[in-house]
Amino acid sequence: MTVEAFIIALEKAGINLTEQQIQQFELYFNMLVTRNKQVNLTAITEKNDVYLKHFYDSLTVAFYVSALRTDDKTLIDIGAGAGFPSLPLKIVFPQLRITMVDALQKRVNFLQDVVTELNLSGVEIVHGRAEDIGQDPNYREKFDYATARAVARTSVLAEYTLPFVKVGGSFLVMKGSAAEQELAEGQRALTLLGGTLNETFDFSLPNGDKRYVQIVNKNKKTPKQYPRQAGTPNKKPIGH
Ligand code: SAM
């Protein structure tokens, strides 16, 4: 996807980028490929691929969750890595208040540099594991939305994300073709942690790759014993 195709595809979804936002994406792309030579951030480095598989793909969640476009909501991105999906969302919808969590210090450093260079405000970056931060009262049940892209299967992600979501908020699941199977396997975890599937959207990226956005509403508090100790959710997923 060229930069021009990216701009046009977003226009079709009702999103009109400003000159400043187009430049912020350009700067972000340049920082990503430059830093990627020293620190492993992404396997995707070809410009058209970055615009499609990172930038555009990150924004698709806002095609279906319209409050992300307009409302002053809080969103936590678990395992943000090089900033996906939360940084593209922040660039396009600056009213969002974003918290990015990652376990790797080198990725956290990169995120901090991008936030500074792009002059973004209303962004917090936290170095640590979701299992530890999810037990911190400053972060627990404080967010309107939690999401995580390419971090773990849904049963594990439920334990990484739902502890952060307020009752009345949602876990936004972003998945590829394994979405339905992962959701079925994760059903027990979602219910136990206070979540209920509300809506599913399936669509394709412009290159034909299948994508799903599943909206899991939080309607009950997460029991205190979750998330379990760091490493346990992935080793022993709830319900497996
Ligand atoms: N979300 C980004 C994306 O879509 O490009 C990054 C995906 S990368 C494959 C997974 C990231 O999750 C890594 O940066 C890793 O450090 C982080 N991660 C994995 N498990 C984690 C955990 N339990 N807590 C915090 N970060 C975690």
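Residues numbered from 1 in each chain as written. Predicted model: local features only at pLDDT ≥ 70, side-chain atom pairs only at ≥ 80, totals over all residues. Heavy atoms only, no water.

Chemist: Outline the side chain of Thr 99, supporting the account with residue identities and numerical values.
Modeler: Looking at the secondary structure, you find Thr 99 in strand E2 (residues 97-102). We classify Thr 99 as buried; its relative accessible area is 6%. When neighbours within four sequence positions are excluded, Thr 99 is seen to be in contact with Leu 75, Ile 76, Asp 77, Glu 124, Val 126, Tyr 139 and Phe 143. (Helix = DSSP H or I, 4+ residues; strand = E, 2+ residues; numbered from the N terminus. Buried < 20%, exposed > 50% of the residue type's maximum accessible area, 1.4 Å probe, protein only. Contact = heavy atoms within 4.5 Å.)

Chemist: Pulling in residues and values, what's your account of the packing of helix H2 (residues 19-35) against helix H3 (residues 47-59)?
Modeler: Running from amino to carboxyl end, H2 crosses H3 at an angle of 120 degrees, the nearest separation of the two axes being 11 Å. Compared by their axis directions, H2 and H3 come out oblique. The hand of the H2/H3 crossing is right-handed. Seen from H2, the contacting residues are Phe 25, Glu 26, Tyr 28, Phe 29 and Leu 32; seen from H3, they are Lys 47, Val 50, Tyr 51, His 54, Phe 55 and Leu 59. (Axes fitted to C-alpha atoms, helices over the stretch in contact; angles between N-to-C directions. Parallel < 35°, antiparallel > 145°, perpendicular 65-115°, else oblique. Left-handed = near helix turned anticlockwise from the far one by under 90°.)

Chemist: Give a detailed account of the sheet that holds E2, specifying residues and quantitative values.
Modeler: Note on sheets: strands pair through backbone hydrogen bonds, and any given pair is parallel or antiparallel. Strand order in the open sheet made by the seven strands is E3-E2-E1-E4-E5-E7-E6, with mixed pairing throughout. Every interior strand has two partners, whereas the edge strands, strand E3 (123-127) and strand E6 (195-204), have only one. The average undirected angle you get between the axes of adjacent strands in this sheet is 20 degrees. Its contacts with the sheet put helix H9 (residues 154-161) on strand E1 (74-78), strand E4 (143-148) and strand E5 (165-175), and the angle it makes with E5 is roughly 145 degrees. (Pairing = 2+ DSSP bridges.)

Chemist: Report on helix H1 (residues 3-12), specifying residues and quantitative values.
Modeler: Along H1, the positions that sit buried rather than exposed are Val 3, Phe 6, Ile 7, Ala 9 and Leu 10. Viewed along the axis of H1, the buried residues span an arc of 165 degrees, placing them on a single side of the element. With respect to the buried face of H1, the exposed residues turned more than 90 degrees away are Glu 4 and Lys 12. Of the surrounding elements, those touching the buried residues of H1 are H2, H3 and helix H4 (61-64). Directly beyond the C-terminal end of H1, a positive phi value near 85 degrees is found at Gly 14. (Arc of directions from axis to C-beta.)

Chemist: Account for the site of the ligand, naming residues and giving values.
Modeler: Contacts to the ligand come from 16 residues, most closely from Gly 79, Phe 84, Asp 102, Arg 107 and Arg 149. Interatomic distance of 2.9 Å between a backbone N/O atom of Ala 130 and a nitrogen atom of the ligand. In this structure, Arg 149 approaches the ligand through a side-chain N or O atom, which is 2.6 Å from an oxygen atom. Here the ligand, which alone exposes 600 Å², has 80% of that area covered by the protein. By residue class, the composition of the shell around the ligand is eight nonpolar, three polar and five charged. (Near = heavy atom within 4 Å. Polar contact = N/O pair within 3.5 Å; in protein donor to acceptor, adjacent residues only side chain to side chain. Areas by Shrake-Rupley, 256 points an atom, 1.4 Å probe, with all protein chains shown as cover. Nonpolar A, V, L, I, M, F, W, Y, C, P; charged D, E, K, R; others polar.)

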